[in-house]
Amino acid sequence: MTRETVPPALGRGAPRKKRKDGLAALGFLSPAIVTFLVFVLAPTAGVLYLSFYDWNLLSDGTFVGLDNFDRLVHDDRLLHVYGSTAYMALVILAVNVVFGLLLAVLLETRMPRWVRGFFRLSFLFPFVVSASAVALIWRFLLNKDLGLVNYVIGLAGLDRIDWLGSSAWAPVSVIVVNSWKTIGFSILVYIAGLQAIPAVLKEAAIVDGANAWTRFWRITFPMLSPTIFFLVVINTINSFQIFAEPRVLTQGGPGDASRTIVEYLYDRAFGDFDLGYASAIGITFMLVLIVLTAIQFRLSRKWTFYD
């Protein structure tokens, strides 16, 4: 139908219908928009504002300009905390992405339905439990003298390990507890991605004589690459923001061996009542996460396939 043959009534009704559709879409999106404005954008603007002030929650704030950001550059302890955070976060990321994929593939192999359901529930259950509760339970399990883990190690004839009091083992404890809690989410997402792969592709590969390893690298991995990319981004952000596990398990110690950026920020804000400096840390930490995410999106073009 050409423009000249469009009925007048239809021509007048189309803009009205688009307007109604736009208002309906805005109505459906309004809860998310309001939530974003109130709980994300407004607090971020407030933190940015506070980063230019010296404020202790009790007295009136004093404008100090960029002094708080200048303190960041000369804070050697902050650099050390960034290092410990990066170490724990990258290991947690690797465990969730790699080990989570392995477990998801194993759960999708042929086994009785009730066995598959049992293992899925077992891996997912820690994810829905409070992080503080999980860390508190593991604090008892990893106790040097009375913990179950060291009891089992002792039965094997090995020396007990000071999981929570050693600068070498405290970060490992945080990694184990956080990975145990969060890996269920990665497994669940991987299973959804595996089930979305057309079975006809695998069947055709089997007919062509491809073994399991070849089918995984030629079919499963390329088709699963968007799911892997999603989990890499989500787990990177989440692992860099861990707080409850080191706080409950080790209080960031010994020293700063297991302290994270979020915990350091919390201590500066509510331990030292230095909200201006804590806000500056929060702003720079947000920028670090944005840069990491942007790099991941850039690199994903080389290995992520959406066809």
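Scroll up to find the structure.
Note that the structure is a prediction, hence the values are computed from the model and not measured.

Caption draft 1: Representation of the overall build of the chain in the model. Helix and strand counts for the chain stand at 12 helices and 2 strands. Secondary structure of the chain in N-to-C order comes out as α-β-β-α-α-α-α-α-α-α-α-α-α-α. Compactness check: the chain gives a C-alpha radius of gyration of 26 Å against a globular reference of 19 Å for 307 residues, more than 25% above the reference. The buried share of the chain, taken over its 307 residues, is 35%. The contacts of the chain with a sequence gap of at least 6 include a subset with a gap of at least 24, amounting to 66%. On the chain, roughly 18,700 Å² of surface is accessible, and the fraction owed to carbon and sulfur atoms is 69%. Of the side-chain charges in the chain, 26 are positive and 21 negative, and the distance between the mean point of each set is 16 Å.

Caption draft 2: Quick look at the environment of Arg301. Structurally, Arg301 can be placed in the segment after helix H12 (275-300). Given a relative accessible area of 62%, Arg301 falls into the exposed group. Through-space distance from the C-alpha of Arg301 to that of Ser166 is 41 Å; in sequence the pair is 135 residues apart.

Caption draft 3: The packing of aromatic side chains, seen in detail. This structure, assessed with the given rule, holds 16 aromatic pairs. Centroid distance Tyr266 to Phe270: 5.3 Å. Interplanar angle 50°. Geometry classified as tilted. Here Phe270 and Tyr266 lie together in helix H11 (residues 261-270), a separation of 4 residues that amounts to about one turn. With a relative accessible area of 35%, Tyr266 lands in the partly exposed category. Its end group placed over the ring of Tyr277, Arg71 keeps NZ or CZ at 3.9 Å from the ring centre. Geometry around Tyr264 places Arg268 over its ring, the cationic atom sitting 4.8 Å from the centre.

Caption draft 4: Spatial organisation of helix H5 (residues 131-141). Along H5, the positions that sit buried rather than exposed are Val134, Ala135 and Trp138. Projected down its long axis, H5 carries its buried residues within an arc of 95°, all on one side. Facing away from the buried side of H5, by more than 90 degrees, are the exposed residues Ile137 and Phe140. Next to the buried residues of H5 lie helix H4 (113-128), helix H7 (170-195) and helix H10 (244-249).

Thresholds applied
Residues numbered from 1 in each chain as written. Predicted model: local features only at pLDDT ≥ 70, side-chain atom pairs only at ≥ 80, totals over all residues. Heavy atoms only, no water. Helix = DSSP H or I, 4+ residues; strand = E, 2+ residues; numbered from the N terminus. Rg over C-alpha atoms; globule rule 2.2 N^0.38 Å. Buried < 20%, exposed > 50% of the residue type's maximum accessible area, 1.4 Å probe, protein only. Contact = heavy atoms within 4.5 Å. Areas by Shrake-Rupley, 256 points an atom, 1.4 Å probe, with all protein chains shown as cover. Lys, Arg positive; Asp, Glu negative; His and termini not counted. Charge placed at Lys NZ, Arg CZ, Asp CG, Glu CD. Phe/Tyr/Trp six-rings, centres within 6.5 Å; stacked < 30°, edge-to-face > 60°. Lys NZ or Arg CZ within 6 Å of the ring centre and 35° of its normal. Arc of directions from axis to C-beta.

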